[in-house]
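Results of the structural survey
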Amino acid sequence: MNRQAKCKTPRRPPPKKPPNSQKDPVGVYLRVRPLAAEDEECCIEVISGTTVQLHAPEGFKVNRNGEYKETQYSFKKVFGVSVDQMELFEHVAKPLIVDLIHGKNGLLFTYGVTGSGKTFTMTGSPGQGGLLPRSLDMLFNSIDPYQAKRYVFKTDDKNGVDLQCEVDALLERQRRDNALNISKTPSSRQRVDPEIGDMLKQEEACKADGVDEDSSYSVFVSYIEIYNNYIYDLLEEMQEDAIKPKWNGGGTPLRQNTEFTPPQSKTLREDQNHNMYVAGCMEVEVKSAEEAFQVFWRGQKRRKVANTRLNRESSRSHSVFIIKLAQAPLDADGDNILQDKNQVSVSQLCLVDLAGSERTGRTGAEGTRIREAGNINQSLLNLRTCIEILRENQMCGTNKMVPYRDSKVTHLFKNYFDGEGKVRMVVCVNPNAGDYEETMLVMRFAEMTQEVEVARPVDRPICGFTPGRRHRNQTSKEELSHRLEERSSPIDNGGISVLNGMALSLPPLPSSELTDPNDEITLPRLIEALQNRQRIRQMMVEECSRAANMMKSMLQELDSNLISKENLIHEQNGRLAEKDRAIQSNKTEIERLEKKAKMQENKIVILQKTTKIYEDDKRSLQQELETRGHRLQRELSDKRRMEQRMQGMVSDTQHKWEKECEKRVNAMQLEMQNKLWVKDEKLKQLKAIVTESKTPGRSDAPPRQTQPQTQPQRPSREERPSREERPSREERPSREKRPSREERPPAKRSASPSPLPTTTPVRPLHRRSRSAGGEKWVDHKPTSSLDLGTVLQPVIPNAIQVSTPSEKALSKCDRYVLTHQEVASDGEIQTKLIKGDVIKTRGGGQAVQFTDIETLKQELATVQSRKRKSSEGTLPSGDQTGGSWTDVETRCSVALEMKAGSNMGPGFEHHGITKRRKP
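Residues numbered from 1 in each chain as written. Predicted model: local features only at pLDDT ≥ 70, side-chain atom pairs only at ≥ 80, totals over all residues. Heavy atoms only, no water.

1. Some details on the overall build of the chain
- A tally of helices and strands in the chain yields 16 helices and 31 strands.
- Here the chain, with 919 residues, has 32% of them falling under the buried criterion.
- Here the analysis covers contacts within the chain between residues at least 6 apart in sequence; of these, 70% occur between residues at least 24 apart. (Helix = DSSP H or I, 4+ residues; strand = E, 2+ residues; numbered from the N terminus. Buried < 20%, exposed > 50% of the residue type's maximum accessible area, 1.4 Å probe, protein only. Contact = heavy atoms within 4.5 Å.)

This is the structure in structure tokens:
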């Protein structure tokens, strides 16, 4: 046999409810309990029937300035210490019982600090019944004539009610009565508890108006408690577990123990109408207020209570007593209940006694009591949070999710706040000054709860039958029984008809004895009596025929009713067959949908797993991306800091070298000026000698010397001092220490003219650059360098030319030079030779340390004639051989170069190149 796989039932859509825009606020009532002692300080004052004022006790500062602050709170109704239980019931619970009878749900709960009188308000005491016993009494007083027989209504396990016919209900009653007689003896039957025997007084009984007489009612009660956020059934029978007996060595049992299993917690579920209910909760059908209250008292004894410093019997759990009323209309004849489950209406009223909020410091709780108090306070806090969010959604137009599922209390009653019935709250307060802080919080919560609106429940739809069916049925039954009693008589053993009974009532015959033939009195008297009897007999025959006709018509009417009933039964059987076919088709459809739902669930599970994998991958990638982003940010910040540091170092180094170069240039300029001054003096002397030696009549030029005596010879490379022998930078004379032109001693002029040179003077060679030594150079010429076509180009014979420096090239050389070209301020191209030493680093690499900068500049000369002005006077007009570049300073500050293909002399076109310093 293949086992059917379990699958979830497809979710049914909720029944369509008529839209209802009308809303009612939550009704909040305040009840003030009397003080325990007259000498206690009171902090609550009742101002009116709807307002109370809260006073701060002595020694308690509320305002910031340390002054006392009095606060007023308004409620729908305020009940003072003198209000009795009956008046409280009239205002609070009586309207909920009326709504319950008319098929509307209701919720009534008590709220307050521990020891404020919540349990007394809900349950009461002997002679002063609370809201719960009075509600039961009013309910049964109203529906008692219209109650259905036991087990006609039967609860299912899905928060619904089924119907049974009279025969099934009778069989179940007999079966349960037999089981009750077998399991319990008459002496062990439950008796009425004396503590609840006089809860209500006879004169305080009340009854609801407007009860539907054409319906049958049945009441079911259940009682649960919410302890440490777990739900327990207080009416569940304790199961006995027989422990296996222990045997001694002789084979006889030592003892046999019997224990009771602890109660199991129940779960909350949602029915097809989206109403919350406790699954597996025991529901007891009751037929009287005494029976219902006895069931309640049986569960009340099992409720969790404990003794604390503030209350001798403090409730440690939230108790919920549920009254469920099932009603169904009668059929068209008004005789039996209509066997249609869709016509059954179920309404319920929840009476909740919330446990009081408490502070462990005031109650002196320890161990388990502390855990219980924490769970109680947490559940009350969740209730307050749900109320606050509901109020915010309604007043501000938000759509926040209400956290009903955070607590079993709020999750069980979420339907009431969503519009499944009226909600009433009785706030119980203790005016004792010691409870001032807790009372103030309770007042604020109660006043806030009044601003929450709950949708008004809709009325139950009326069936299509004619009202007054029950009354007509009872009237017809009474009339028929009366007629049968009037027209029927006992039947004797001989089978004598009704006429024999009537004949016995005929008048007796007179005496018919004739003593005299001439007697004329007896015969006429007898004839008259016989005629009278004949007339009475005729009347009796007519009455019998009339009764027979009436009985015949009644029998015909009964036959017609029977035929109509048979036709109705056939019609109902046809409808039942159609319903069976529809049910069968629905079953097949349900099976198909269940298979489809199972496949969809498997797909959903696969998609959820895939989604989880993707989410994990996404999360890991996001974390990796964030890590890399942080790393990149750090690297960028480090790079920026390094760039700033390098820029600072470059600027410092550049500033340092600029100063150093400026000092060297100034020193070199001063040195060259001194040399030029000496040469200028010598030239002046030579010029003077040449001028004096000329005669006016002589036309030919004097012979020149082969070598001028005043031209200083450039020492050869071997005669130059080495780098170590040259004066250091500190030993060179500074600009301030050098003598000025006026302080310098005049050059010695020779007394006799020196012989003139006979050959062309040799141009002294420029000092060779240090790059022409035996060191090996790296000549770095970028690809963007331009060839200027001039002869003044640096030539480094022993060099490796590269366009991009590399570590391999640097490792083979000792010096480094970089050729850099840029446009000067006058638009000409300026070439810089940046030189440096290649040094080895500690890490095994190479580094370049720049030591010198040589600048080569190309300029275009003008053709304007410039004559050197002699210090001794102007030359004769005929001596113009000096040209425009005979000035010593101008001539010594530039280098002359003959450009290829030029028709001009060396003095007309030149390139100005700054003197290069030694590398």
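2. Brief notes about a nonpolar patch on the surface
- A contiguous nonpolar surface patch, about 280 Å² in accessible area, is contributed by M551, L555 and L558.
- Topologically, L558 is positioned in helix α14 (residues 522–693). (Patch = residues over 30% accessible without salt bridge, like charges linked within 9 Å, V, L, I, M, F, W, Y side chains within 5 Å. Areas by Shrake-Rupley, 256 points an atom, 1.4 Å probe, with all protein chains shown as cover. Salt bridge = Lys/Arg side-chain N within 4 Å of Asp/Glu carboxyl O.)

3. Digging into the packing of helix α8 (residues 368–396) against helix α11 (residues 436–449)
- Where α8 meets α11, the axes come as close as 10 Å, and the angle between the chain directions of the two elements is 35 degrees. In the crossing of α8 with α11, the sense of the turn from one axis to the other is left-handed. The residues of α11 that touch α8, namely those facing L383, R384, I387, E388 and R391, are L441, F445, M448 and T449.
- For the contact of α8 with α11, the class distribution of residues is 5 nonpolar, 1 polar and 3 charged. (Axes fitted to C-alpha atoms, helices over the stretch in contact; angles between N-to-C directions. Left-handed = near helix turned anticlockwise from the far one by under 90°. Nonpolar A, V, L, I, M, F, W, Y, C, P; charged D, E, K, R; others polar.)

4. Comments concerning the packing of aromatic side chains
- Counted by the stated rule, this structure contains 9 aromatic pairs.
- Measuring from ring centre to ring centre gives 6.1 Å for Y816 and F850, while their planes differ by 70 degrees; the resulting arrangement is edge-to-face. Pair noted here: Y816 is in strand β29 (residues 815–823) and F850 is in strand β31 (residues 846–857), with a separation of 34 residues, a long-range link.
- Put simply, the rings of Y223, F293, F296, W297 and F321 touch in pairs and so form one group of aromatic residues.
- The ring centre of Y227 lies 5.2 Å from the NZ or CZ of K304, which sits over that ring.
- Residue placement shows K304 over the ring face of Y232; its charged tip is 5.5 Å from the ring centre. (Phe/Tyr/Trp six-rings, centres within 6.5 Å; stacked < 30°, edge-to-face > 60°. Lys NZ or Arg CZ within 6 Å of the ring centre and 35° of its normal.)

5. Some details on the pattern of salt bridges
- Evaluation of the coordinates by the stated rule reveals 29 salt bridges.
- One salt bridge in this structure joins K414 and D418, with 3.4 Å as the shortest N-O distance.
- Among the ionic contacts, a cluster of salt bridges with common partners joins D156, D162 and K341.

6. Thoughts on helix α4 (residues 131–143)
- The end-to-end C-alpha distance of α4 is 19 Å, a good match for the 18 Å that 13 residues give at a rise of 1.5 Å each.
- A large share of α4 lies buried, amounting to 12 of its 13 residues.
- Those residues of α4 that sit buried are L131, L132, P133, R134, S135, L136, D137, M138, L139, F140, S142 and I143. (Expected span 1.5 Å × (residues − 1).)

7. Section: the sheet that holds strand β27 (residues 777–780)
- Spatial ordering of the open sheet is given by β28-β27-β29-β30-β31, a layout of 5 strands whose pairing is mixed. Each end of this open sheet is capped by a strand with a single partner; those strands are β28 (799–802) and β31. When strand polarity is set aside, the average angle formed by the axes of neighbouring strands in this sheet is 25 degrees.
- One ladder, built from 11 bridges, connects strand β30 (residues 829–840) with β31; its direction is antiparallel. Bridging across to β31, K835 finds its partner in D852. (Pairing = 2+ DSSP bridges.)

8. Quick look at the nonpolar core
- Counting residues in hydrophobic clusters, the biggest one holds 56 residues, and the most contacted among them are L30, F75 and F413.
- If we ignore the near neighbours within four places in the chain, the residues touching L30 are V52, F75, K77, V78, F79, V427, V429 and M443.
- In terms of nonpolar packing, the next biggest core, distinct from the first, is built from 46 residues, A208, L234, V286 and C428 among them. (Core = buried A, V, L, I, M, F, W, Y, C linked by side-chain atoms within 4.5 Å.)

9. Structural notes on the environment of S407
- Turning to its location among the elements, S407 is positioned in the loop between α8 and α9 (408–412).
- It is 9.4 Å that separates the C-alpha atoms of S407 and L381, two residues lying 26 residues apart in sequence.

10. Comments concerning the sheet that holds strand β4 (residues 51–54)
- Strands sit in the order β3-β4-β5 across an open sheet of 3 strands; the sheet is antiparallel. Each end of this open sheet is capped by a strand with a single partner; those strands are β3 (44–46) and β5 (71–74). Each strand axis lies, on average, 25 degrees off the axis of its neighbour in the sheet, ignoring direction.
- With 3 bridges connecting them, β3 and β4 associate as antiparallel partners. Within β4, the position partnered with E45 by the bridge is Q53.
- Seen against the sheet, α11 touches β3, β4 and β5 and runs at an angle of roughly 40 degrees to β5.

11. What about the confidence of the model for the chain?
- This prediction gives the chain a mean pLDDT of 76; 71% of its residues lie at or above 70.
- Of the regions scoring below 50 in pLDDT, residues 697–725 engages in 40 contacts with residues more than four places distant in sequence or in other chains.
- Overall, residues 863–886 carries pLDDT values under 50, and its contacts beyond four positions in sequence, including any with other chains, amount to 27 contacts. (pLDDT = per-residue confidence, 0-100.)

12. Looking at the packing of helix α1 (residues 85–92) against helix α2 (residues 94–101)
- Contact pair α1 / α2: the axes reach a minimum separation of 4 Å and the direction vectors enclose 45 degrees. When the axes of α1 and α2 are compared, the pair comes out oblique. Seen from α1, the contacting residues are F89, E90, H91 and V92; seen from α2, they are K94, P95 and L96.
- When its residues are assigned to classes, the contact of α1 with α2 shows 4 nonpolar, 1 polar and 2 charged. (Parallel < 35°, antiparallel > 145°, perpendicular 65-115°, else oblique.)

13. Focus on the side chain of D99
- Mapped onto the elements of the fold, D99 is located in helix α2.
- Using a relative accessible area of 10% as the deciding quantity, one classes D99 as buried.
- D99 has contacts with K104 and K422, leaving out every residue within four places of it along the chain.

14. Quick look at α2
- For α2, the complete set of buried residues consists of L96, I97, D99, L100 and I101.
- One or two residues past the end of α2 sits G103, with phi positive at roughly 85 degrees.

15. Concerning unusual backbone geometry
- Even without being a glycine, Y151 presents a positive backbone phi close to 70 degrees.
- Position of Y151 among the secondary structure elements: in the loop between α4 and β10 (153–155).
- Y151 sits in the buried class, given a relative accessible area of 14%.
- Of note, N229 is a non-glycine position whose phi angle comes to about 65 degrees, a positive value.
- Tracing the backbone through its elements, the reader meets N229 in the loop between β12 (215–227) and β13 (230–233).
- Judged by its relative accessible area of 34%, N229 is partly exposed.

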